[in-house]
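Per-entry structural report
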Number of protein chains: 4
Amino acid sequence: MYNFRTDLALERRDLYNKAHNLKNDIEGIETEEEKIDDNILVSRVKITNEKGEEAIGKKKGNYITVDVKNLKIANEEEIQKTSEVVTKELKALLEKHIAEKDSILIVGLGNIYVTPDSLGPKVINEVDITRHLLEYMPEVLDKNTREVSAISPGVLGTTGIETMEILKGIIDNVKPKLVIIIDALASRNIERISSSVQLADTGIVPGAGVGNARKELTENTLGIPVIAMGIPTVVEAATIAADSLTLFIKKAQENGESNDFLNKLQEEDKYQIIKEILAPEEYNFIVTPKEIDSLIEKMKDIVARGINFAIN
Amino acid sequence: MYNFRTDLALERRDLYNKAHNLKNDIEGIETEEEKIDDNILVSRVKITNEKGEEAIGKKKGNYITVDVKNLKIANEEEIQKTSEVVTKELKALLEKHIAEKDSILIVGLGNIYVTPDSLGPKVINEVDITRHLLEYMPEVLDKNTREVSAISPGVLGTTGIETMEILKGIIDNVKPKLVIIIDALASRNIERISSSVQLADTGIVPGAGVGNARKELTENTLGIPVIAMGIPTVVEAATIAADSLTLFIKKAQENGESNDFLNKLQEEDKYQIIKEILAPEEYNFIVTPKEIDSLIEKMKDIVARGINFAIN
Amino acid sequence: MYNFRTDLALERRDLYNKAHNLKNDIEGIETEEEKIDDNILVSRVKITNEKGEEAIGKKKGNYITVDVKNLKIANEEEIQKTSEVVTKELKALLEKHIAEKDSILIVGLGNIYVTPDSLGPKVINEVDITRHLLEYMPEVLDKNTREVSAISPGVLGTTGIETMEILKGIIDNVKPKLVIIIDALASRNIERISSSVQLADTGIVPGAGVGNARKELTENTLGIPVIAMGIPTVVEAATIAADSLTLFIKKAQENGESNDFLNKLQEEDKYQIIKEILAPEEYNFIVTPKEIDSLIEKMKDIVARGINFAIN
Amino acid sequence: MYNFRTDLALERRDLYNKAHNLKNDIEGIETEEEKIDDNILVSRVKITNEKGEEAIGKKKGNYITVDVKNLKIANEEEIQKTSEVVTKELKALLEKHIAEKDSILIVGLGNIYVTPDSLGPKVINEVDITRHLLEYMPEVLDKNTREVSAISPGVLGTTGIETMEILKGIIDNVKPKLVIIIDALASRNIERISSSVQLADTGIVPGAGVGNARKELTENTLGIPVIAMGIPTVVEAATIAADSLTLFIKKAQENGESNDFLNKLQEEDKYQIIKEILAPEEYNFIVTPKEIDSLIEKMKDIVARGINFAIN
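Residues numbered from 1 in each chain as written. Chains lettered and ligands numbered in written order. Predicted model: local features only at pLDDT ≥ 70, side-chain atom pairs only at ≥ 80, totals over all residues. Heavy atoms only, no water.

**Some details on the overall build of chain A**
Threshold: Note on conventions: DSSP H or I runs of at least 4 residues are helices, E runs of at least 2 residues are strands, and numbering of each starts at the N terminus. When a residue's accessible area, from a 1.4 Å probe over protein chains only, is under 20% of the maximum for its type it is buried; when over 50% it is exposed; and in between it is partly exposed. Contacts between residues were defined by any pair of non-hydrogen atoms, one from each residue, lying within 4.5 Å. Working definition of accessibility: Shrake-Rupley area with a 1.4 Å probe, residue cover restricted to the visible protein chains.
Across its full length, chain A holds 12 helices and 9 strands. Burial status across chain A gives 59% buried among its 312 residues. The long-range fraction of contacts in chain A, counting pairs at least 24 apart against all pairs at least 6 apart in sequence, stands at 73%. Accessible surface computed for chain A: about 12,900 Å², of which carbon and sulfur atoms make up 47%.

In structure tokens form, the structure reads like this:
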């Protein structure tokens, strides 16, 4: 399969269509867009059969991307508005899989000590939890309050334990009806960094986007439906370089400087060779806006509020 | 039972002996002190039978307190030295309960977002983990490397799940032979804040010191030996006030101003009434040094290094 | 002068009136209250002459306190509403001292690395600055934009330089018409911690509340009007203990246990003696809610938005 | 002049020599290397005349680079050793410019809220300051203690004030004999990120490496000698992409795929065009290792200790 180097179904659809010079989606993939206002765009990709699955390497299911422009300079009002769009989309997904008051476990993947990877744990700190109150102080809550619990399991490099092993134990004890997982994703497009949320009802494979495959977190492995909320926070350095090269060659070709070598080069995947050129063994280099710390704070507000209003 | 308002066995022993005007320990309690240098003091309290248990409200077992003076101005060398003392004491405790290469799970209790409660999660971030390497890259490790994993389960108020429920699931999957738990404690003595480590092979009840009892984390509940490393990071405001009042009255009595009311008052426990006076419903007030942020950083180095050299 | 152990004019007025059994304010002090809603209360204390100055140890001028109840559980909407109240009061004070578009320098006192002292620097990070844009990119701004600059000078213990020395040099170069200073205050009342803002047009003496006097920051020393926005973030531990003792004795007296010693004691200031009992030399102990980290974040939003809407 | 896109004199020398196919340094540039151990390398570049200045675009003076390999996995001992190398080099530079007990002002440039830019302020928090003690408590210090003060002036985007304007005011009041400035640099080489320190006695132009020129901070503008300690913490994304492209073409040429277009392309500077392809208007994209947060912590220890032992 083509190496998309993005976790976003929307970007994969675009890359697939471009690579095959398609104007319309193939059978098995359905897309639609909804422009909320000048800054907010909702795109929905639905994969309906195995042909669609194979084409873009994503499981059958619903993938909704909420893009927000200019989050860097967004004010409180725009953050609130975006969170309301997330609430609406999340609510619609939840309704497809569980009943109104079914219990939910929210999982924040990532490492609180690594800024671009800290979104999951930060959201967990802000979501409204009810499970302990229902158990110890039910009198303070409305009687049909939904049971909500949450966990930040940490990352394999810090715990030595697969996320899946940790979650399985917790799900066995807590017995939720559905899991919502928040995770940092890799994207192809630097403009999407911490400016998009992808909601998917197909679960996720943690770390898939940056090359460190882990056991998948899906209904298959966890036994209950899994909604993934993924936020692109990095682009791999080699991706940027390879994409730059492609654009560079295209520009040269447009200027009439086409030649056999360039034409051949243009069709190849430059990613792997650039990865070898770039990568010192020790580090995992990423491209990130200098303002990532404050972008993460804003995105945390959008996701946490989006969840709180959808589930309570 | 007397309300000691401290999690430290050493302070409880002192309070007990003082309250009963004892010069020597009662049967069932054995203590010894070892002065390492001008700044570091090791105190060992051993509770050997039920009489000892009842007297100070702590389970049979070993309680070692490492006190370090002037941590606020301690330099790198002193931090290193203290961590070596912790290593030695921890190693001795481990040898009493498991074999040299038996697997260990390290648990950092507490809330990373609340400074005086953040020590556990911060230590977890620094301990040397091997379990994932043993599974995926055994070739990079010495062949008789001990299996070490770690987890920061979060706090009930953030997760809605009892720590015990989380740990049980993990222990079932990871199957360690022993658990080391790091936790922030309450102390009676403000000079001990973030300047002492208590090692105990009896496990702990999280949050016991500040009034919010949780299910205990002991060999009883977890099925394997539990070593607790507790670091005092707070004194309750009402404790400070009650202790001040006691000292105040004592001073008045010494100055010949004794009278029936004062004498009676001196024998009573002023804590509960002061707690009522002090406590607005919403908050949990604590006394902490202004420098708590930097003290926690230093204590984190002492505990993390102390563990790393003891287990590897 | 009486040791009020609070920086809030409102608390000093209350303590003064209580100590002198006054029902009404003395000449030289005028007060009024405005209840905005169930959670927000505005109190205005105006000191009009030297008699008022002497009584409560605060300079002639206006002191406005905005109290917000239950900030711990306040949602986004309540934070916004409180910030609007701060905006209104700040705007009124500004109009008393400068013209609509006169330039302003905003100063955030405190130490970013010490949680209860970090509010000033955190607010500076959020205020909208225009001075550099007016100089380098005037085309992006409205032509009658006010010139706003900002600085976090750090604290004497970290810089070795008096705040006054730093600000003087900057004011000489930047030449603002007014300074707004944000500072953490000490309060008498633990319920006020990070739940009140005092606005005063009299400037401040940094650190006055917790015993470490510094050179004053006022129109006298800086040459331009100084508006101080002070937020109580700590109560001294000795204050809590002394106040507890006072309440304790009062309760005893009410129960008919009055006697000469108690009566005498009740009239004395217990603060100094308790301070000696409590204070180990090395540390500055404070009382703070366990939730201080998140309270500071919320208060930062209130103050930063309050300023941004008042000055732009 | 050639756009080196690096602040390191050492990298510029290498790029210059390579571009001109030089084996030896030109007249006006002298270099030497000293291997301290397997992990630490010291390189000294001395620019002795205007020819050297012009060649690599750096002022006459001394540029010492301390490179440390594998800082990511460095332990306490290696950090200490590196800091000792920094101490030795800094001491040698200081002796060239001031007498043993002359007063020093330490300046930490950068933004504490932007991880890769936070090194300067973090170092300031750890350096040993004496100026306030010499003034208020001289009895606690040795009588020939050097006067040391420090400041983190913030960044133009947060303060609206040029760093130079802030420092001038402070230097006028504090009157130090020399300034040491700590700053984050841009490098060409991703392996150098937070793994090198450049010491230079020529001062610096803040932000030069990432395209946002500011007024220079040199003896010219500040009136006293300026030692700059620069630590590479970022590589610009466009730099990575352009360098990848150069390497890519070189590889193609080596494989006999040379052709006129490629040959011509190889000689051009691809940076500017790639910058246009890459850069969305809003953001400043940087390449950084995922582990930048912990690398910054380690580098902070190296620099702060390096300074503390050199100046006291």
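After that view, the rundown keeps rolling.
**Considering the side chain of B:Thr65**
By the element assignment, B:Thr65 lies in strand β3 (residues 61-68). Not counting residues up to four positions away in its chain, the partners in contact with B:Thr65 are B:Leu10, B:Leu41, B:Val42, B:Ser43, B:Arg192, B:Ser196, B:Val197 and B:Gln198.

**Describing the environment of B:Arg305**
Tracing the sequence through the fold places B:Arg305 in helix α12 (residues 292-311). The exposure class of B:Arg305 is buried, given its relative accessible area of 13%. Distance from B:Arg305 to B:Ala184, taken between C-alpha atoms, is 17 Å for residues 121 residues apart in sequence. In this view, B:Arg305 contacts B:Glu76, B:Ile79, B:Gln80, B:Ser83, B:Thr87 and D:Glu76; residues no more than four positions away in its chain are not counted.

**Comments concerning the confidence of the model for chain A**
Residues and elements named next belong to chain A. Defined as follows: Each residue carries a pLDDT score, the predictor's own confidence in it, on a scale running from 0 to 100.
Confidence along chain A averages 86 in pLDDT terms, with 88% of residues attaining 70 or more. For chain A, helix α11 (residues 271-278) is the element with the lowest average pLDDT, namely 67, and strand β4 (residues 104-108) is the one with the highest, namely 98. A low-confidence stretch, residues 207-213 stays under pLDDT 50, and its non-local contacts, those more than four residues away or across chains, total 10 contacts. Across the interface, the model reports ipTM at 0.86; the global pTM reads 0.85.

**Thoughts on a nonpolar patch on the surface**
Inclusion rule: Residues enter a patch when their relative accessible area is above 30% and they make no salt bridge; the linking distance is 9 Å between like charges and 5 Å between nonpolar side chains (Val, Leu, Ile, Met, Phe, Trp, Tyr). Salt bridges are defined as contacts in which a side-chain nitrogen from Lys or Arg sits within 4 Å of a carboxyl oxygen from Asp or Glu.
Taken together, the side chains of A:Tyr136, A:Met137 and A:Val140 define a hydrophobic patch exposed on the protein surface, amounting to about 270 Å² of accessible area. Examined against the element boundaries, A:Tyr136 turns out to sit in helix α5 (residues 131-136).

**Let's talk about the pairing of strand β2 (residues 40-47) of chain D**
Residues and elements named next belong to chain D. What counts here: In this analysis, strands are considered paired if DSSP registers two or more bridges between them.
Taken across its 8 residues, β2 has 6 buried, putting it largely inside the fold. Bridge analysis of strand β1 (residues 29-35) against β2 gives 7 bridges, and the strand direction is antiparallel. Residue pairing in the sheet places Glu30 in a bridge with Lys46 of β2. Between β1 and β2, which pair antiparallel in sequence order, lie 4 residues. Across 8 bridges, β2 lies against strand β3 (residues 61-68) in antiparallel orientation. Among the inter-strand pairings, Ile47 is bridged to a residue of β3, identified as Gly61.

**Structural notes on helix α1 (residues 9-19) of chain D**
All names here are of chain D. If you check which residues of α1 are buried, you get Ala9, Leu10, Glu11, Arg12, Arg13, Tyr16 and Asn17. If you follow the buried residues of α1, they end up packed against β1, β2, α2 (50-56), β3 and β7 (196-200). Within two residues after α1, Asn21 carries a phi angle of roughly 50°, on the positive side.

**Some points on the pattern of salt bridges**
Residues and elements named next belong to chain C. In the structure shown here, the tally under the stated rule is 76 salt bridges over all chains. Among the ionic pairs, Lys35 bridges to Asp38, the shortest N-O distance being 4.0 Å. Asp38 matches Lys35 in its accessibility class, with the two residues each being exposed.

**Side note on the environment of C:Lys46**
Residues and elements named next belong to chain C. Note on placement: Lys46 falls in strand β2 (residues 40-47). By relative accessible area, which is 40% here, Lys46 ends up partly exposed. The sequence separation of Lys46 and Ile302 amounts to 256 residues, and the corresponding C-alpha distance is 24 Å. Residue contacts for Lys46: discarding those within four places in its chain leaves Gly28, Ile29, Glu30, Gly61 and Asn62.

**Quick notes on unusual backbone geometry**
In this model, A:Ser194 sits at a positive phi of 50°, which is unusual for a non-glycine residue. Not every positive phi belongs to a glycine, and C:Lys175 is a case in point at roughly 55°. Turning to its location among the elements, C:Lys175 is positioned in the loop between α7 (163-174) and β6 (178-186). The exposed category is assigned to C:Lys175, whose relative accessible area is 57%.

**So, the packing of helix α3 (residues 76-97) of chain C against helix α12 (residues 292-311) of chain C**
All names here are of chain C. The test is simple: Axes, fitted as lines to C-alpha atoms, cover a helix only where it is in contact. Angles between the N-to-C directions of the axes lie from 0 to 180 degrees. Just so you know how the angles are binned, under 35 degrees is roughly parallel, over 145 roughly antiparallel, 65 to 115 roughly perpendicular, and the rest oblique. Crossing handedness is read from the near helix: turned anticlockwise from the far helix by less than a right angle, it gives a left-handed crossing, and turned clockwise, a right-handed one. Residues are grouped as follows: Ala, Val, Leu, Ile, Met, Phe, Trp, Tyr, Cys and Pro are nonpolar; Asp, Glu, Lys and Arg are charged; all remaining types, including Gly, are polar.
Between α3 and α12, the shortest axis-to-axis distance is 7 Å and the interhelical angle comes to 45°. As summarised for this structure, α3 and α12 are arranged oblique, according to the angle between their axes. For the element pair α3 and α12, the recorded crossing hand is right-handed. Every residue of α12 that contacts α3 at Glu76, Ile79, Gln80, Thr82, Ser83, Val86, Thr87, Leu90, Lys91 and Leu94 is listed here: Lys298, Asp301, Ile302, Arg305, Gly306, Ile307, Phe309, Ala310 and Ile311. For the contact of α3 with α12, the class distribution of residues is 9 nonpolar, 5 polar and 5 charged.

**Remarks on the side chain of B:Asn308**
Positionally, B:Asn308 belongs in helix α12. Every residue in contact with B:Asn308, bar those within four places of it in the chain, is listed here: B:Glu126, B:Val127 and B:Asp128.

**Section: the environment of C:Lys215**
Residue position: C:Lys215 is located in the loop between β7 (196-200) and α8 (219-222). Sequence spacing of C:Lys215 and C:Glu162 is 53 residues, and the spatial spacing of their C-alpha atoms is 7.4 Å.

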